[in-house]
Amino acid sequence: MGSMIRKVKGTRDILPPDSRLWVEVEATAHRVFGGFGYEEIRLPLLESTELFVRSVGEDTDIVSKEMYTFADRKGRSLTLRPEGTASVARAFVENGLGQRPQPLRLTYLGPMFRYEKMQRGRYRQFAQIGIEILGAAAPQADVEVLLVLHTFLAALGFDDLIIVLNNLGDPEDRPRFIDGLKAELSPHREKLCSDCQRRWDANPLRILDCKVPSCRELVAETTPVADVVSDEAKRHVEEVEAGLAALDIKVRRAPRLVRGLDYYLRTVFEVISPQLGEDTVICGGGRYDRLISDLGGSRIPGTGFAIGEDRLVEVLPESFRNRVLDRPVVAVLPLGAEAAATGLGVTRDLAARGITAPTEVTGRSLKAGLKWAGKIGARAAIIIGQTELEANAAIVRDLARSEQQTVSLDQVPVIIARLLQKKEHE
Ligand code: HAM
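Report follows, based on the coordinates. Just so we're clear, the structure is a prediction, and the values are computed from it rather than from any experiment. (Residues numbered from 1 in each chain as written. Predicted model: local features only at pLDDT ≥ 70, side-chain atom pairs only at ≥ 80, totals over all residues. Heavy atoms only, no water.)

1. Topic: the overall build of the chain
Argument step 1. Scanning the chain for helices and strands turns up 16 helices and 15 strands.
Argument step 2. Dimensions along the principal axes, computed over C-alpha positions, put the chain at roughly 90 × 60 × 45 Å.
Argument step 3. Taken over 426 residues, the chain has a buried fraction of 49%.
Argument step 4. In the chain, the share of contacts with a sequence separation of at least 24, taken over all contacts with a separation of at least 6, comes to 70%. (Helix = DSSP H or I, 4+ residues; strand = E, 2+ residues; numbered from the N terminus. Buried < 20%, exposed > 50% of the residue type's maximum accessible area, 1.4 Å probe, protein only. Contact = heavy atoms within 4.5 Å.)

This is the structure:
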């Protein structure tokens, strides 16, 4: 006998019934995003390494230490995508999507890969659900993106999530900000952690994002980036905030929020769940007006977000979980080989009405069949024995009440629908 093979560290098997939560979350995303005009783009999981180096940035944690990069058989450097925005931008340029009516509204979902230290809510293969709006420079596009996010989270029943937002200014503002930051921090430079020592030259903005408490304390004393950005950038994010206020969407300023990817400018935001805390955010997003031109396209602005689906599912509200997980099931029990096809026909008729009613196909006796029905949590059983088969009928048994009745086959869907509407202990 061979030894058991285990899954790769950091990957997960999403098993039923939990997988139902994923299916329903994704269906809700498509419905909500679709209503705002977003259409799905399906992107490859494999991209040229160069794409992420040029977009996410060489000195980010993602590119410098978290990518699954390998040479293919011809020696080309490929990377399992760590995020989706770079691929959307690449696809925009490569497919000439600038020719379509602008702005273009796109949504995507699927697995991303980052070689990260495992912990709750942090995996090496995880899924994102994202949207991007391309070709709209105005603050209204940021407002829309945040409204879509807010509407989606509300549709899932969330009411305790916090949206935090910051203004990173434009790339032209950055050297000024970084000079100021370094001037303020330099008296304390040796107190910064070893990671921040490295960031000092490579990517000083990321010092603001350090999780080490002593670094946080030092950073808390520094001038917020939003205070040193251009008037135009200031006005942009203020207009985003005004638009959100008009829609009654609450956001909180997070003066040290910088995000871990280099392409952002002006508006950046994250969604925090009180359950997971600030270090395990549910969603990140923002504006990236230079990304497409950096990838060889024209000056097309963009803004969007990506939700971490693993984390989202982990903190789904009880109401949503119950609605999805408590879906009733009916067991169809044909007795004997002659009844088997009739049983499957009943399953088909019930399935067509949205009722889940698997057929017993292993040839169990009535007694064993009822036991199986109990194990799968069936609310009712539909029993088709020799007598019923000859009469074109079935026994519908209410398993909670232990009552049963014989009905003609074409009546089964109606009777079952009625039975499922009754509460179990009415
Ligand atoms: P990000 O903040 O790197 O942004 O990732 C977005 C979300 O993906 C995070 O907020 C988190 O929920 C989830 N996530 C990231 N890494 C992991 C992990 N190791 N395990 C589980 N979940 C994770 C982006 O990727 C940008 N592309 C978002 C964006 C879209 N910005 C503009 N448009």
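2. Examining the side chain of Thr 85
Argument step 1. Tracing the backbone through its elements, the reader meets Thr 85 in helix 4 (residues 85-94).
Argument step 2. Beyond its immediate chain neighbours, meaning those up to four positions away, Thr 85 contacts Tyr 108, Glu 132, Tyr 263, Tyr 288 and Leu 291.

3. What to know about the packing of helix 5 (residues 139-155) against helix 9 (residues 231-246)
Argument step 1. Direction vectors running N to C along helix 5 and helix 9 enclose 45°, while the axes themselves pass 8 Å from each other. Between helix 5 and helix 9, the angle falls in the class oblique. Crossing of helix 5 against helix 9: the hand is right-handed. Of the residues in helix 9, those in contact with Pro 139, Gln 140, Asp 142, Val 143 and Leu 146 of helix 5 are His 236, Glu 239, Val 240, Gly 243 and Leu 244. (Axes fitted to C-alpha atoms, helices over the stretch in contact; angles between N-to-C directions. Parallel < 35°, antiparallel > 145°, perpendicular 65-115°, else oblique. Left-handed = near helix turned anticlockwise from the far one by under 90°.)

4. Overview of the sheet that holds strand 12 (residues 330-334)
Argument step 1. Strand order in the open sheet formed by 4 strands is 12-13-14-15, and the pairing between neighbours is mixed. Looking at strand neighbours, the two that pair on one side only are strand 12 and strand 15 (403-408), the edges of this open sheet. Each strand of the sheet is rotated relative to its neighbour by a mean of 20°, with strand direction disregarded.
Argument step 2. In terms of strand pairing, strand 13 (residues 380-384) meets strand 14 (residues 393-398) through 4 bridges, oriented antiparallel. (Pairing = 2+ DSSP bridges.)

5. What to know about the environment of Val 212
Argument step 1. Summarising the element assignment, Val 212 is placed in the loop between helix 7 (194-202) and helix 8 (213-220).
Argument step 2. Between the C-alpha atom of Val 212 and that of Ile 178, which follows or precedes it by 34 residues, the distance is 20 Å.

6. Re the pattern of salt bridges
Argument step 1. Evaluated as defined, the whole model comprises 27 salt bridges.
Argument step 2. With its nearest N and O atoms 2.7 Å apart, the salt bridge here joins Glu 94 to Arg 90. One end of the pair is Glu 94 and the other is Arg 90, both in helix 4 and 4 residues apart, which spans about a single turn. (Salt bridge = Lys/Arg side-chain N within 4 Å of Asp/Glu carboxyl O.)

7. Regarding helix 7
Argument step 1. Of all the positions in helix 7, only Cys 196, Arg 199 and Trp 200 are classed as buried. Buried residues of helix 7, viewed axially, fall in a sector of 115°; they line one side. Facing away from the buried side of helix 7, by more than 90 degrees, are the exposed residues Ser 194, Arg 198 and Asp 201.
Argument step 2. Contacts from the buried residues of helix 7 go to helix 3 (61-66), helix 6 (174-185) and helix 8. (Arc of directions from axis to C-beta.)

8. Let's talk about the packing of helix 2 (residues 49-57) against helix 4
Argument step 1. At a minimum axis separation of 9 Å, helix 2 and helix 4 run at an interaxial angle of 110°. In terms of axis orientation, helix 2 runs roughly perpendicular to helix 4. Facing helix 2, whose interface residues are Leu 51, Phe 52 and Ser 55, helix 4 presents Ala 86, Ser 87 and Arg 90.

9. As for the state of the cysteines
Argument step 1. Enumeration over the complete set of coordinates arrives at 0 disulfides.
Argument step 2. Cysteine Cys 193 shares no disulfide, and the gap to the nearest cysteine sulfur, in Cys 196, comes to 3.7 Å. (Disulfide = S-S within 2.5 Å.)

10. So, helix 16 (residues 412-421)
Argument step 1. When we look at burial in helix 16, the residues that qualify are Val 412, Pro 413, Ile 415, Ile 416, Leu 419 and Leu 420. In a view along the axis of helix 16, the buried residues occupy a sector of 165°, so they form one face of it.

11. Let's talk about unusual backbone geometry
Argument step 1. Of note, the bond from Pro 16 into Pro 17 is cis; its omega dihedral lies within 30 degrees of zero at 5°.
Argument step 2. Residue Gln 102 is joined to Pro 103 through a cis peptide bond whose omega torsion reads -5°.
Argument step 3. Tracing the chain through its elements places Pro 103 in the loop between helix 4 and strand 5 (104-113).
Argument step 4. Backbone geometry places Asp 248, a non-glycine residue, at a positive phi of 65°.
Argument step 5. Secondary-structure assignment places Asp 248 in the loop between helix 9 and strand 8 (251-253).
Argument step 6. Even without being a glycine, Asn 392 presents a positive backbone phi close to 55°.
Argument step 7. Tracing the sequence through the fold places Asn 392 in the loop between helix 15 (386-390) and strand 14.

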